[in-house]
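Summary of the model geometry
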Amino acid sequence: MLLVMVRSRSVPAGPVLESYDESARDFSCGDLRVSIQTGPLFGFRHKIGDLIVAGESCFPFKESDARSLEQGVLDGVPHDVLLGDRILVLVVIDPLKRVVTIAQSLASGRPCYFSAKPGSFTFSTSVCGLREAGHEVVWNPACTPEYLMYRFIAPPRSMLRGVRMLVGGQLLVVDLEEGQVCEDRRWRWPDGREDDPKEEITNVLGARIEEWLQSFPSAGILLSGGLDSSLLAAIARVTYPDIHTFSTNFSFANSDDGEGQYALSMARHLGVAHQVYDTTPERYLTGLVESISAAEAPVQHLQSVLLHLLFQDRAAVGHGAIFCGDGGDNVFGNASHEFLYRYGSAIAFLRTMRVSSGLAPLADALGWHSQWGTLLTRRYDRQLSSVHHFLWLFGRYGDRRIVQSLFSCDEAALLGERPSLLEAYCDKPLLDQVTALGLLLNVHATITIWGKLAEASGVYLACPYTSPSVLAAGMAIKWDVKLREKKYLVRAALRQLGVPDALIVRRKLSFGFPARFWALKGALFQPIVDMATQVHDVGVLESLQREEGGASMVLWCLLNQFLWTQLFEVRRSVEDLSGEILDRRRSAAKSR
């Protein structure tokens, strides 16, 4: 956790720095009172000239890192450039200019909350840190429609009333006197280069993995058997043949979940030790409460609970870091990129002729939701402010009609501040906008939650694909090359590393936790549904207990939100809340 508080004192200004102690938490800078608290995972704080600099890094901050940072600050290097591949979050307090600069790496895996008022500034990577700073921790109801649609709230809004968040890759300069943002710079699109794509991707990924493994020789890798995680494992095992890999599955409820076998087949070829992590229904339920408490937010993915349990298990046996392949799809091409690339001309025609609007009701009535059905029935509005813009179809999980009927809200409430977030990249081709959307929203939200879960167990979550150097290499390559075949560059790199085509070209499978195992009446989440009737109408909850994805995802979000409010607003303990859930489950089992 990083917590920075700056408060103005109503006294005449004295020397720029009245007192400073590297080991102290509170100190004075003229008429400013500054408090900085760093957590156990690689926090740092230094005085550089008249500036106070604090942050968090990927690795333990060494003396050489401090010298490099100091030189960069003194040379006037832009603070977001100073982040590089190593620094995740940077906060720079300038008492002379009376401003605070905050910068966050796209790869940070940290929620960056801030609040600014005249004479008062607070920054924290923790909800509990905000509470410690005196902020009320209360859910912002204006965000609920967006949350139910997309499972998380897009920055710069946050789920907390009166608190904002940094966007991934964003830099802000805040005026301490006025409590206003005086500079806002969004993530800079990497410059193009002409390096050989296959060699560059393998080399740059290898450099990042090697650097992490030098600091964490006992690190492991989350290996699903998919291409992105397999490439990380294939690169790592070249120099670290004893690397361990792990995967999760939902076999405790769904015996057809084959993700473990998918991962094992890749691990067997690579010759690495692999463990499939399994659990029990009861442990999943208590793990859900624990994971929401650890993430300090709704956990978005059903798999997040399994990862929380895995991180606990891995920390207990000494794995200080775990690699994750999240983000690779967005850089090297995912299904949405392929869809746009293959059918771009047809989409442009439909946009012009407005044919799709008339076909949509017919397709819905017939249940026609194939790829071509999707293509022919989208409105493809051009305005980012429209809920029907192509970009806002990605990552949409909740049913729009259900959410609007629950809250009687307009379409703008469903999108929140997503349109303004993407405005900075509106001049980019649509394929690049899909990448920006994924990296800034879906990927960043995911690795932020998973990073917090890992941190709570004392583990660092490393996501090499979102490292600035990897992004710069991957995003400089033209889409004609990246989409030569599905995940062409990743597949080419795997072939270079000797992985056979049988494992490279096999169909990508969708593993998971079907709603029939958790959403229906009497299923896994029934005890939480019963508890949630304290705040939600029982008829509404029962109407959402069905297999249809848009309804069950709204239920998942409502249950997450209910548990979050119980933990952070009502202030119930994890043990108390988990205990009630298990008691209700046992009582229901006895009454059957």
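Every value quoted in this text rests on a predicted model; they were computed, and no experiment measured them. For every chain, the first residue of its written sequence is number 1, and the numbers climb from 1 along that sequence. In keeping with the model being predicted, local features are shown solely for residues with a pLDDT of at least 70 and side-chain atom pairs are shown and tallied solely at 80 or more, while totals for entire chains, interfaces and linings include all residues. Values shown for side chains rest on all heavy atoms present in the structure; no hydrogens or waters enter the calculation.

Regarding the sheet that holds strand 2 (residues 26–29)
Backbone hydrogen bonds are what pair the strands of a sheet, in a parallel or an antiparallel way. Taken together, 6 strands build an open sheet; the order of strands is 2-3-1-9-8-10 and the sheet is antiparallel. The two strands at the open ends of the sheet, each matched to only one other strand, are strand 2 and strand 10 (164–165). In short, DSSP must find at least two bridges between two strands for them to pair. Runs of H or I in DSSP of at least four residues are treated as helices and runs of E of at least two as strands, each being numbered from the N terminus. Bridge count between strand 8 (residues 113–117) and strand 9 (residues 120–124): 5 bridges; the pairing is antiparallel. Pairing of Ala116 across the sheet is with Phe121, part of strand 9.

So, the packing of aromatic side chains
The description of an aromatic ring pair uses the distance of the two centres, along with the angle that the planes make with each other. Any pair of Phe, Tyr and Trp rings, taking the six-membered ring for Trp, is counted once the centres come within 6.5 Å. Such a pair is stacked with planes under 30 degrees apart, edge-to-face with planes over 60 apart, and tilted for the rest. By the definition in use, this model includes 25 aromatic pairs. Judged by centre distance (6.3 Å) and plane angle (20 degrees), the ring pair of Tyr284 and Phe525 falls under stacked. Of this pair, Tyr284 sits in helix 8 (residues 281–295) while Phe525 sits in the loop between helix 21 (501–504) and helix 22 (526–532); the two residues are 241 residues apart in sequence, bridging distant segments of the chain. For Tyr284, a relative accessible area of 0% puts it in the buried group. Residue Phe525 is classed as buried on the basis of its relative accessible area, which comes to 1%. With a centroid separation of 5.8 Å and an interplanar angle of 20 degrees, the aromatic rings of Phe525 and Trp556 are classed as stacked. Taken together, the positions of Phe525 in the loop between helix 21 and helix 22 and Trp556 in helix 24 (residues 549–568) put the pair 31 residues apart, joining distant regions of the chain. A 1.4 Å probe rolled over the protein chains alone gives each residue an accessible area, and that area as a share of the maximum for its type sets the label: buried under 20%, exposed over 50%, partly exposed in between.

Here's the deal with the nonpolar core
Residues Phe123, Tyr284, Leu422, Trp518, Phe525 and Trp556 are the most contacted members of the largest nonpolar core, which totals 180 residues. The greatest single-element share of this core, amounting to 14 residues, is contributed by helix 17 (residues 430–456). Look past the residues within four positions of Trp556 in its chain and what remains in contact with it is Arg151, Tyr284, Leu288, Val299, Gln300, His301, Leu302, Trp518 and Phe525. Residues Leu69, Val73, Ala103 and Val173 belong to the second largest nonpolar core, which totals 15 residues. Put simply, buried Ala, Val, Leu, Ile, Met, Phe, Trp, Tyr and Cys residues joined by side-chain atoms within 4.5 Å make one nonpolar core. By definition in these notes, contact holds between two residues if any of their heavy atoms fall within 4.5 Å.

Considering the layout of surface pockets
Cavities and pockets were defined on a 1 Å grid built over protein atoms only: a cavity is a set of grid points that admits a 1.4 Å probe from which the probe cannot escape, a pocket is an open set flanked by protein on both sides within 12 Å along at least five of seven lines, and lining residues are those with an atom within 4 Å of any such point. Grid points are joined across faces, edges and corners, and a volume is the space filled by probe spheres set on the points. If you add up the space inside the second largest pocket, you get close to 440 Å³. Surrounding the second largest pocket, 17 residues form its lining, Asp80, Val81, Trp187, Arg188 and Pro468 being those nearest its centre. Mapped onto the lining of the second largest pocket, the elements with two or more residues apiece are helix 2 (79–82) and helix 18 (468–475). Sort the elements by how many residues they give to the lining of the second largest pocket and helix 18 lands first, with 3 residues. Three classes are used, and their members are as follows: Ala, Val, Leu, Ile, Met, Phe, Trp, Tyr, Cys and Pro are nonpolar, Asp, Glu, Lys and Arg are charged, and the others, Gly among them, are polar. Classifying every residue of the lining of the second largest pocket by side-chain character gives 9 nonpolar, 5 polar and 3 charged.

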